[in-house]
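# Chains, contacts and geometry: an overview
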Protein chains: 2
Amino acid sequence: MSESDIQLVVVGSVGIDTIETPEERREEILGGSASYACAAASFFTKVGMVGVVGTDFPEAYRQVYRHFQIDLDGLQTVDGKTFRWSGIYEANMDNRHTVSTELNVFASFMPNLPEAYRKSPFLFLGNISPQLQLHVLGQIEKPRFVVIDTMDLWIDIARPDLLKVIQRTDMITINEFEARHLSGHKNLLKAAQILLCLGPRFVLVKKGENGSALFCKDSIFLLPAFPLDGVIDPTGAGDVFAGGVVGSLAAGGEVSEKSIRQAMIYGSIVASFGVEAFSLERLQMLTRGEIDTRADALRRMLQL
Amino acid sequence: MSESDIQLVVVGSVGIDTIETPEERREEILGGSASYACAAASFFTKVGMVGVVGTDFPEAYRQVYRHFQIDLDGLQTVDGKTFRWSGIYEANMDNRHTVSTELNVFASFMPNLPEAYRKSPFLFLGNISPQLQLHVLGQIEKPRFVVIDTMDLWIDIARPDLLKVIQRTDMITINEFEARHLSGHKNLLKAAQILLCLGPRFVLVKKGENGSALFCKDSIFLLPAFPLDGVIDPTGAGDVFAGGVVGSLAAGGEVSEKSIRQAMIYGSIVASFGVEAFSLERLQMLTRGEIDTRADALRRMLQL
């Protein structure tokens, strides 16, 4: 295995977003769960992106992926329009409303993975239809560690397929609201226990500015978020967090509860940078040194 | 100094609550910030309560205080009605509405402290009018460590007096909403920095199920809350947390950022028990062994 081998495959949406926060409106910016997750993972490991764009996808955005040295052999271009999402954040940034989701070229995307991707030890099934997640999962020859992320949309319209994918994964990353929605239980502890029964050994709950929590059969790990003096755009923070976690796990190679705890620090830190700007703009300027410095700062904030 | 000397004086409301949660309604139960804080502190140190009740205060509730071995020399009984508070929790328990607050005998309470109280090294100015807090503070001869708690009511109607008290304290405990309200800044990090400028060396922000955060001039400590599989009544959780923190600090004697971090574990754990029942009902059955067991469990959940 060489350094250039794909260590992590990420499938998810690749899209163009229009986002309105209380402060600012940005149109047609680069987004999508795969974009965010791949960018985050790229700080730690060699990542290949599985996704599809239309012929309208700007070359400048492809350049952004290249900046992160994301392998693009799994990114197809087909006739049609690129996936689009548009959302509005409320005054406190806690709630957002989806204005529109257009799957466009993603509606019928069922790719054959490049040969190098099939041998990838790590797989992140980012937020996209469970059918596509399942299709990609089936092509990875010997996945060592499979992580799934999802959202309320798929819980609502594709629950049976979603449960099929979840059953075959090692870890699910999910936000508090979705954990309650998927489990049917409003208490987070009970919700996580129910999710553990669905198949994964690890349930990683994302709580935004309130941090994250890792639930295993016999233990729990609680990680506060790095405190920020302002958030510009929280879009993709969950994808960046998950991408950072899986990416740094892939870099280490070994997966254990202990290594996931460490990886959560990195995911959390990259996410803390990600929300400091729209799209991938802050991550494009981010250095590994900045990540390590802020990770050290967070560790000091957790020291008993 | 003997073991029976008062190590911590707590002033705050002593009252009778009527509380409605989505599950249950309880009338005329023992409440008040001093009740909750003293009970929590009593697990760690010798605490004296400063407060006032009317002649209607049930003997059974005085017995509850005796159960915790709270010194009651500072608890006066006067003609009139005991302080009463009534509130309703919304479905998710996150929001509550105050239905009524009747200060009653507290309206004109300006006590002379017992001699033994004046020599107390630790002082907790629990949630009550800033005028009363100031009056009590003025009688402590050589306070080694003074902690203040407050609420939106006092921020609204008695801000100048409140600022006077805060200036003379070492630590303020405050919830997220109040921190924003008092500082005028919605970002918690900036709000805490502003509060540090008001006088205290330590700002301890209470975030309920999302834990707590300690802000000092050059450092931050983040503590997640112990995850619970259900909350029966969150009333007084902030008072119990603060009482547990100050009580365990008083027991150790030494105050440093490090010792406060440890004390926060204890405050957090006692609070996690407190919300498992109405009033002081769970704390009355609580043992020091249970506290230590759950504190160890929490520490394991924080281990990197």
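As shown above, the structure is provided for reference.
What you are looking at is a predicted structure, and each value in this text was computed from that prediction instead of being measured.

Now for the overall build of chain A. Looking only at helices and strands, one finds 12 helices and 13 strands in chain A. Scaling as 2.2 N^0.38, a compact globule of 304 residues should have a C-alpha radius of gyration of about 19 Å, and chain A matches this with 18 Å. Here chain A, with 304 residues, has 61% of them falling under the buried criterion. Considering only residue pairs separated by 6 or more positions, chain A has 63% of its internal contacts joining residues 24 or more positions apart. Surface exposure of chain A reaches about 12,100 Å², of which carbon and sulfur atoms provide 50%.

On to the pairing of strand β11 (residues 202-206) of chain B, then. Side-chain direction in a regular strand flips from residue to residue, so the side chains alternate between the two faces of the sheet. Residue and element names in this part refer to chain B. Where burial is concerned, most of β11 is hidden: five out of the five residues are buried. Across the two faces of β11 the burial is the same, with Phe202, Leu204 and Lys206 and Val203 and Val205 all buried. When β11 meets strand β12 (residues 212-215), the two strands line up antiparallel, connected through four bridges. By the bridge assignment for β12, Val203 is matched with Phe215.

Right, let's talk about the environment of A:Pro121 for a bit. All names here are of chain A. The topology assignment puts Pro121 in the loop between α3 (115-118) and β8 (122-125). By relative accessible area, Pro121 is classed as buried at 6%. Between the C-alpha atoms of Pro121 and Gly267, which are 146 residues apart in sequence, the distance is 19 Å. Once residues lying within four places of it in the same chain are set aside, the contact partners of Pro121 are Ile6, Gln7, Pro143, Arg144 and Phe145.

For A:Ser279, which is not glycine, the phi dihedral falls at a positive 50°. Notably, B:Gln69 is not glycine yet its phi reads approximately 55°, a positive angle. Turning to its location among the elements, B:Gln69 is positioned in the loop between α2 (59-67) and β5 (75-78).

Here we take up the nonpolar core. In this structure, A:Leu283 and B:Leu283 are the most contacted members of the largest nonpolar core, which totals 219 residues. Those residues in contact with B:Leu283, other than ones at most four positions away along the chain, are B:Ala39, B:Phe43, B:Phe68, B:Val240, B:Val270, B:Phe273 and B:Gly274.

Residue-level contacts link 27 residues of chain B with 27 residues of chain A. When chain B packs against chain A, close to 2,400 Å² is buried across both sides, 56% of that on carbon and sulfur atoms. Here chain B and chain A share zero salt bridges between them. The interface formed by chain B and chain A contains 12 residue pairs in polar contact (both at pLDDT 80 or more). At the level of secondary structure, the elements contributing two or more residues to the side of chain B that touches chain A comprise α8 (188-197), β13 (220-223), α10 (257-274) and α12 (288-301) of chain B. Of the residues assigned to the side of chain B that touches chain A, the class counts are 14 nonpolar, five polar and eight charged.

All names here are of chain A. Under the definition given, this model contains 16 aromatic pairs over all chains. In textbook terms, an aromatic cluster arises when at least three aromatic residues are bridged by ring pairs, as seen for Phe57, Tyr61 and Tyr65. One residue, Arg294, lies across the ring of Phe273, its end atom 3.7 Å from the ring centre.

The subject of this paragraph is the relation of the copies chain B and chain A. You can overlay chain B on chain A at an RMSD of 0.0 Å; the transform is a turn of 180° with a shift of 0.0 Å along its axis. Classification of the inter-copy transformation places it as that of a two-fold axis. When the interface residues of chain B are mapped onto chain A, 100% of them again lie at the interface, so the same face is used by both copies.

This part is about the sheet that holds β11(B). All names here are of chain B. Within the open sheet, the nine strands sit side by side as β5-β4-β1-β8-β9-β10-β11-β12-β13. Their pairing is mixed. Edge positions in the sheet fall to β5 and β13, since each has one partner strand and no second. Put simply, the sheet's adjacent strands are angled 15° from each other on average, direction ignored. Along the sheet face, α8 touches β10 (171-175), β11, β12 and β13 and points at about 140° away from the line of β11.

Residues and elements named next belong to chain B. Three or more residues of α8 are buried, namely Leu188, Leu189, Ala191, Ala192, Leu195 and Leu196. Each buried residue of α8 lies within a common arc of 160° when the element is viewed along its axis, so the set occupies one face. If you follow the buried residues of α8, they end up packed against β10, α7 (176-183), β11, β12 and β13. Taking the backbone nitrogen of Leu189 as reference, a side-chain oxygen 3.0 Å away marks Asn187 as the first, capping residue of α8. Positioned one or two residues after α8, Gly199 has a phi angle of 140°, which is positive.

This paragraph deals with the pattern of salt bridges. Per the counting criterion, the structure on display carries 44 salt bridges over all chains. The shortest N-O distance in the salt bridge between A:Glu290 and A:Arg282 comes to 2.9 Å. Taking relative accessible area as the criterion, A:Arg282 reaches 13% and is therefore assigned buried. With a closest N to O distance of 3.0 Å, B:Arg294 and B:Glu276 form a salt bridge.

Residue and element names in this part refer to chain B. One open sheet holds the four strands; their spatial order is β3-β2-β6-β7, and the pairing between them is mixed. The open sheet terminates on both sides in strands that have one partner only, identified here as β3 (25-31) and β7 (96-102). Strand-to-strand twist across the sheet, computed as the mean angle between neighbouring axes with direction ignored, equals 20°. Relative to β7, strand β6 (residues 83-89) runs antiparallel, the two being bridged by six bridges.

All names here are of chain B. Where α10 meets α12, the axes come as close as 9 Å, and the angle between the chain directions of the two elements is 115°. Viewed along their axes, α10 and α12 adopt a mutual orientation that is roughly perpendicular. Read as a crossing pair, α10 and α12 show a hand that is right-handed. For the pair α10 and α12, the contacting residues are Gln262, Ile265, Tyr266, Ser268, Ile269, Val270, Ser272 and Phe273 in the first and Arg288, Glu290, Ile291, Asp292, Arg294, Ala295, Leu298 and Arg299 in the second. Here the contact of α10 with α12 is composed, by residue class, of eight nonpolar, three polar and five charged.

This next bit is on the side chain of B:Ser268. Looking at the element boundaries, B:Ser268 is found in helix α10. Residue classification places B:Ser268 among the buried residues on the basis of a relative accessible area of 9%.

Conventions and cut-offs
- Residues numbered from 1 in each chain as written.
- Chains lettered and ligands numbered in written order.
- Predicted model: local features only at pLDDT ≥ 70, side-chain atom pairs only at ≥ 80, totals over all residues.
- Heavy atoms only, no water.
- Helix = DSSP H or I, 4+ residues; strand = E, 2+ residues; numbered from the N terminus.
- Rg over C-alpha atoms; globule rule 2.2 N^0.38 Å.
- Buried < 20%, exposed > 50% of the residue type's maximum accessible area, 1.4 Å probe, protein only.
- Contact = heavy atoms within 4.5 Å.
- Areas by Shrake-Rupley, 256 points an atom, 1.4 Å probe, with all protein chains shown as cover.
- Pairing = 2+ DSSP bridges.
- Core = buried A, V, L, I, M, F, W, Y, C linked by side-chain atoms within 4.5 Å.
- Buried area = accessible area lost by both parts, 1.4 Å probe.
- Salt bridge = Lys/Arg side-chain N within 4 Å of Asp/Glu carboxyl O.
- Polar contact = N/O pair within 3.5 Å; in protein donor to acceptor, adjacent residues only side chain to side chain.
- Nonpolar A, V, L, I, M, F, W, Y, C, P; charged D, E, K, R; others polar.
- Phe/Tyr/Trp six-rings, centres within 6.5 Å; stacked < 30°, edge-to-face > 60°.
- Lys NZ or Arg CZ within 6 Å of the ring centre and 35° of its normal.
- Least-squares fit on C-alpha atoms with pLDDT ≥ 70 in both.
- Axes fitted to C-alpha atoms, helices over the stretch in contact; angles between N-to-C directions.
- Arc of directions from axis to C-beta.
- Parallel < 35°, antiparallel > 145°, perpendicular 65-115°, else oblique.
- Left-handed = near helix turned anticlockwise from the far one by under 90°.

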